[in-house]
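Listed below are the residues making up each chain.
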Amino acid sequence: LQAQIAQQQNRQPQILALLSSSKTVDTLLLDFNKIFQQEKVILTKYEPVSGPNGEPLLVVDDGSFGELVNGKLQRRTIAIGFEGTITQTQSIIQRLERFQSLVVIKNFNAKVSTPPTFVFNKGEIKLQGAPILDVSFDVDVVYPISSEEP
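Nothing here was measured: the structure is a model prediction, and the numbers come from that model.

Our next topic: unusual backbone geometry. Phi at Asn 107 takes a positive value of approximately 55°, unusual for a residue other than glycine. Note on placement: Asn 107 falls in strand β4 (residues 103–114). For Asn 107, a relative accessible area of 54% gives the class exposed.

Okay, the pattern of salt bridges next. Scanning the model with the defined rule gives 5 salt bridges in all. The salt bridge involving Arg 95 is made with Glu 39; its shortest N-O contact spans 3.2 Å. Residue Arg 95 is found in helix α4 (residues 86–97), and its partner Glu 39 is found in helix α3 (residues 28–39); the two are separated by 56 residues along the sequence. Ionic pairing is found between Lys 126 and Glu 124, a salt bridge with its closest N-O pair at 3.9 Å. Overall, Glu 124 belongs to the partly exposed group, its relative accessible area being 44%. Taken together, the shared-partner salt bridges in this structure form one network comprising Asp 62, Arg 75, Lys 106 and Asp 140.

Quick look at α4 now. The end-to-end C-alpha distance of α4, which contains 12 residues, comes to 17 Å, matching closely the 16 Å that a straight helix rising 1.5 Å per residue would cover. Along α4, the positions that sit buried rather than exposed are Gln 88, Thr 89, Ser 91, Ile 92, Ile 93 and Leu 96.

Two elements in contact, α3 and α4, have axes whose closest approach is 10 Å; the angle formed by their N-to-C orientations is 150°. Comparing their axes, α4 and α3 come out roughly antiparallel. The handedness of the crossing between α3 and α4 is right-handed. Along its contact with α3, which presents Phe 32, Ile 35, Phe 36, Gln 38 and Glu 39, the element α4 presents Gln 88, Ser 91, Ile 92, Arg 95 and Leu 96. Class assignment of the residues belonging to the contact of α3 with α4 gives a composition of 5 nonpolar, 3 polar and 2 charged.

Our next topic: the side chain of Thr 89. Among the structural elements, Thr 89 can be located in helix α4. The exposure class assigned to Thr 89 is buried, which follows from its relative accessible area of 6%. With sequence-adjacent residues up to four places away left out, Thr 89 is seen in contact with Phe 82, Gly 84, Phe 108, Leu 133 and Val 135.

On a regular strand, one side chain projects to one face of the sheet and the next to the other, so that they alternate. Here 5 bridges tie strand β5 (residues 117–121) to strand β6 (residues 124–128), and the two strands are oriented antiparallel to one another. Within the sheet, the bridge partner assigned to Val 119 lies in β6 and is Lys 126. Taken together, β5 and the strand that follows it, β6, pair antiparallel across an intervening segment of 2 residues, in which Lys 122 is found at a positive phi of about 55°.

What follows deals with the side chain of Glu 39. What makes Glu 39 buried here is its relative accessible area of 16%. A polar atom in the side chain of Glu 39 sits 2.7 Å from the side chain of Ser 91. Once residues lying within four places of it in the same chain are set aside, the contact partners of Glu 39 are Gln 88, Ser 91, Ile 92 and Arg 95.

Here we come to the nonpolar core. A general tendency of soluble globular proteins is for nonpolar side chains to be buried together. Residues Phe 32, Ile 80, Phe 82 and Phe 137 are the most contacted members of the largest nonpolar core, which totals 18 residues. Of all the elements in the fold, those that place two or more residues in this core are α3, β3 (73–84), α4 and β7 (132–144). For this core, the element with the highest residue contribution is β7, accounting for 5 residues. Residues within four places of Ile 80 in sequence aside, it is in contact with Phe 32, Phe 36, Leu 43, Lys 45, Tyr 46, Val 135, Ser 136, Phe 137 and Val 139.

Criteria and thresholds
Residues numbered from 1 in each chain as written. Predicted model: local features only at pLDDT ≥ 70, side-chain atom pairs only at ≥ 80, totals over all residues. Heavy atoms only, no water. Helix = DSSP H or I, 4+ residues; strand = E, 2+ residues; numbered from the N terminus. Buried < 20%, exposed > 50% of the residue type's maximum accessible area, 1.4 Å probe, protein only. Salt bridge = Lys/Arg side-chain N within 4 Å of Asp/Glu carboxyl O. Expected span 1.5 Å × (residues − 1). Axes fitted to C-alpha atoms, helices over the stretch in contact; angles between N-to-C directions. Parallel < 35°, antiparallel > 145°, perpendicular 65-115°, else oblique. Left-handed = near helix turned anticlockwise from the far one by under 90°. Contact = heavy atoms within 4.5 Å. Nonpolar A, V, L, I, M, F, W, Y, C, P; charged D, E, K, R; others polar. Pairing = 2+ DSSP bridges. Polar contact = N/O pair within 3.5 Å; in protein donor to acceptor, adjacent residues only side chain to side chain. Core = buried A, V, L, I, M, F, W, Y, C linked by side-chain atoms within 4.5 Å.

Listed below in structure tokens is the structure:
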């Protein structure tokens, strides 16, 4: 039992390294903006979501990451919106999955805002252009409560 406890304690720094820090949260707009520029999509919304009392950070106490971490993690939620193609949307989601810090995507919604054009030419129907999607989702950035935090 002592060996298992020691093994779990040795894993703790590795697990915490997957989480964001308050310093990385402050640079998220730059990170997201870089992704959106590289993918050539139009960012329509970047809005930090406040808690019920206006606080930007919420302590995780709802069991959403497991009961053992209740009160030990906090999250900052950011509402994101952009316009882009299906390929661009897929690429952005994949890039967020590879983010250095743990981010959780929730409330994902995509709808066609500009449908493709069909052209009839010489007896053939051809698709011209890709549909443009209006995409929105929330990103939770998760990080541990440090010893300096209340």
